[in-house]
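Descriptive structure summary
Listed below are the residues making up each chain.
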Amino acid sequence: MSNKKKIIIDCDPGHDDAIALLLASRADNLKILGVTTVAGNSEIEHTVRNARRVLDYAEVFDVPVYKGCNHPMMHNLYRLTGAIIHGEDGLGGPDIPPPVTPIEKEHAVDFIIKTLRESDEKITLIPTGPLTNIAMALIKAPDIKDNIEKIVIMGGAVYTPGNITSAAEFNIYVDPEAAKIVFSSGCNIYLNTLDVSMKAVFYNEDIENLRAQGDKVSVIVAELLDFFASTHLDHFGIKSCPVHDALCVGVLIDDSLIQYERTYLDVSVNDPLTRGETVADLWGITGKETNCFISVKVDRDKFVNMIFDHMKKPYKR
Ligand code: RIB
Ligand code: CA
């Protein structure tokens, strides 16, 4: 039995998803069993292709990539993609060559179910996009819960305003019904929200230091951050760049990166104003059992240095 933590990353690349994939591939303590993709930042045809071409660029040819759900559970994507932030194909900016490795034929949801059922060790799921694939897997095969070590999710906002509406964070907003299913599943959930990801940001100086490392992965990550920072400045007026999704990998590399508090959290699904809002019962008024850990504090410097250190490392199978 390997001493590496087995993980599956479910993502919608997406600039920060791409950096999460690269960080995980360079982590000595993580074994990526597969990367599953979902519609979110862009249509599924783009997100699956982006996951494959980022991994191929970083010479991670042996990690399989699977295509998942092409729209949220209860509605269409409505062009509700993150194109304004990530570009039309979901990975605007750097010139990353087309993929050279084929996409797997098996559906992402079936891969998640089969892998969890067959694994002799518990597996950690890292969803960094809308939770459609994860919810569908839990509905189709509730038994997989027993082999999930934890689910480390990028999503939501508790103390901080949303980034797609004033109430909601993008991943949860795109598929709130899926999020509601995941949060009521009884799984061991760690939710990394905007409350920490909007603090663990990269500044231009950090991006230049990353570029100065000079290796191909550090340079391409700097170029991904160049684009991501530019759209954050244009759209949100902020002069810093969050890397939301990579925090979910970072905290598995070093659990001191993020501090959590245990709470009961629910997701608004019906009200048009609050749809996708993640509401934590911080005062315990519902009397309900707690169902997740929410992120409350992050060590930005530790995160930035972790990215610097890992991006310049070669990929070891
Ligand atoms: O709100 C941030 C999240 O939405 C990140 O996962 C980003 O990639 C986008 O999907
Ligand atoms: Ca994402």
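Up top is the structure these notes are about.
The notes below deal with the structure included here. Keep in mind the model is a prediction, meaning the values are calculated, not measured.

**A few points about the pairing of strand β10 (residues 292-298)**
- In the sheet, strand β6 (residues 189-192) pairs with β10 via 2 bridges, with the strands oriented parallel. Across the sheet, L191 pairs through a bridge with I294, a residue of β10.

**Here's the deal with the packing of aromatic side chains**
- In this structure the tally under the stated criterion is 5 aromatic pairs.
- Relative to Y260, the ring of Y190 lies with its centre 5.0 Å away and its plane at 85°, an arrangement referred to as edge-to-face. Highlighted residues: Y190 in strand β6 and Y260 in strand β7 (residues 258-263), separated in sequence by 70 residues.
- The partly exposed category is assigned to Y260, whose relative accessible area is 22%.
- Pairwise contacts between aromatic rings join Y190, Y260 and F293 into one cluster.
- Above the ring of Y57, the side-chain terminus of K216 is found at 4.5 Å from the ring centroid.
- Its end group placed over the ring of F293, R262 keeps NZ or CZ at 4.6 Å from the ring centre.

**Thoughts on the coordination of the calcium ion (ligand 2)**
- Bound to the calcium ion (ligand 2) are the protein donor atoms D12 (OD), D17 (OD), D17 (OD), T128 (O) and D245 (OD), situated 2.2 to 2.6 Å from the metal.
- Summarised as a motif, the one-chain spacing of the donors to the calcium ion (ligand 2) is D-x4-D-x110-T-x116-D. Here D245 lies in the loop between α10 (216-236) and α11 (246-253) and T128 lies in the loop between β4 (123-127) and α5 (132-140), a separation of 117 residues in the sequence.
- Given the relative accessible area of 1%, T128 is considered buried.

**Points about α5**
- Within α5 the residues assigned to the buried category are T132, N133, I134, A135, A137 and L138.
- In the core, the buried residues of α5 are packed alongside β1 (5-11), β2 (30-37), α4 (108-118), β4, β5 (148-154) and α7 (176-183).

**Focus: the site of ligand 1**
- The immediate surroundings of ligand 1 are formed by 13 residues, with D16, T128, N163, E169 and D245 found nearest.
- A distance of 2.6 Å separates an oxygen atom of ligand 1 from a polar side-chain atom of D16.
- The separation between an oxygen atom of ligand 1 and a polar side-chain atom of D17 is 3.0 Å.
- Protein chains shield 97% of the accessible area of ligand 1, which is 280 Å² for the free molecule.
- If you list the elements that add at least two residues to the shell around ligand 1, you get α1 (15-25) and α6 (170-174).
- In the shell around ligand 1, the residues fall into 2 nonpolar, 6 polar and 5 charged.

**Remarks on the packing of helix α9 (residues 204-212) against helix α12 (residues 300-311)**
- Between α9 and α12, whose axes approach to 10 Å, the crossing angle comes to 20°. The angle between α9 and α12 places the two elements in the roughly parallel class. In this structure, α9 crosses over α12, and the sense of that crossing is right-handed. Across from D206, N209 and L210 in α9, the residues of α12 making contact are R300, V304, I307, F308 and M311.
- When its residues are assigned to classes, the contact of α9 with α12 shows 5 nonpolar, 1 polar and 2 charged.

**Some points on α11**
- The element α11 is extensively covered by neighbouring structure, given that 7 of its 8 residues are classed as buried.
- Regarding α11, the residues found buried are A246, L247, C248, V249, G250, V251 and L252.

**A word on the environment of I44**
- Residue position: I44 is located in helix α2 (residues 44-57).
- A residue is classified by how much of its surface remains accessible, and I44, at 4% relative accessible area, is buried.
- Once residues lying within four places of it in the same chain are set aside, the contact partners of I44 are T37, V38, A39, K67, G68, C69 and N70.

**Here we look at the pairing of β1**
- Of all the 7 residues making up β1, 6 are buried; the element is thus mostly covered by neighbouring parts of the structure.
- Strand direction decides the pairing type here: β1 and β2, joined by 7 bridges, are parallel. When the bridges of β2 are listed, C11 appears paired with T37.

**Some thoughts on the environment of T128**
- When the C-alpha positions of T128 and N204 are compared, they lie 24 Å apart, and in sequence the two are 76 residues distant.
- Excluding residues that lie within four positions of it along the chain, T128 makes contacts with D10, C11, D12, D17, M154, N171 and D245.

**Brief notes about the packing of α9 against α10**
- At their nearest, the axes of α9 and α10 sit 7 Å apart, and the two run at 155° to each other. When the axis of α9 is compared with that of α10, the two are roughly antiparallel. For the pair α9 and α10, the sense of crossing is left-handed. Across the interface between the two elements, I207, L210 and R211 of α9 pack against S218, V219, V221, A222, E223, L225, D226 and A229 of α10.
- In terms of residue class, the contact of α9 with α10 is made up of 7 nonpolar, 1 polar and 3 charged.

The rules behind the values
- Residues numbered from 1 in each chain as written.
- Chains lettered and ligands numbered in written order.
- Predicted model: local features only at pLDDT ≥ 70, side-chain atom pairs only at ≥ 80, totals over all residues.
- Heavy atoms only, no water.
- Pairing = 2+ DSSP bridges.
- Helix = DSSP H or I, 4+ residues; strand = E, 2+ residues; numbered from the N terminus.
- Phe/Tyr/Trp six-rings, centres within 6.5 Å; stacked < 30°, edge-to-face > 60°.
- Buried < 20%, exposed > 50% of the residue type's maximum accessible area, 1.4 Å probe, protein only.
- Lys NZ or Arg CZ within 6 Å of the ring centre and 35° of its normal.
- Donors = N, O, S within 2.8 Å, 3.2 Å for Na, K, Ca; no water.
- Contact = heavy atoms within 4.5 Å.
- Near = heavy atom within 4 Å.
- Polar contact = N/O pair within 3.5 Å; in protein donor to acceptor, adjacent residues only side chain to side chain.
- Areas by Shrake-Rupley, 256 points an atom, 1.4 Å probe, with all protein chains shown as cover.
- Nonpolar A, V, L, I, M, F, W, Y, C, P; charged D, E, K, R; others polar.
- Axes fitted to C-alpha atoms, helices over the stretch in contact; angles between N-to-C directions.
- Parallel < 35°, antiparallel > 145°, perpendicular 65-115°, else oblique.
- Left-handed = near helix turned anticlockwise from the far one by under 90°.

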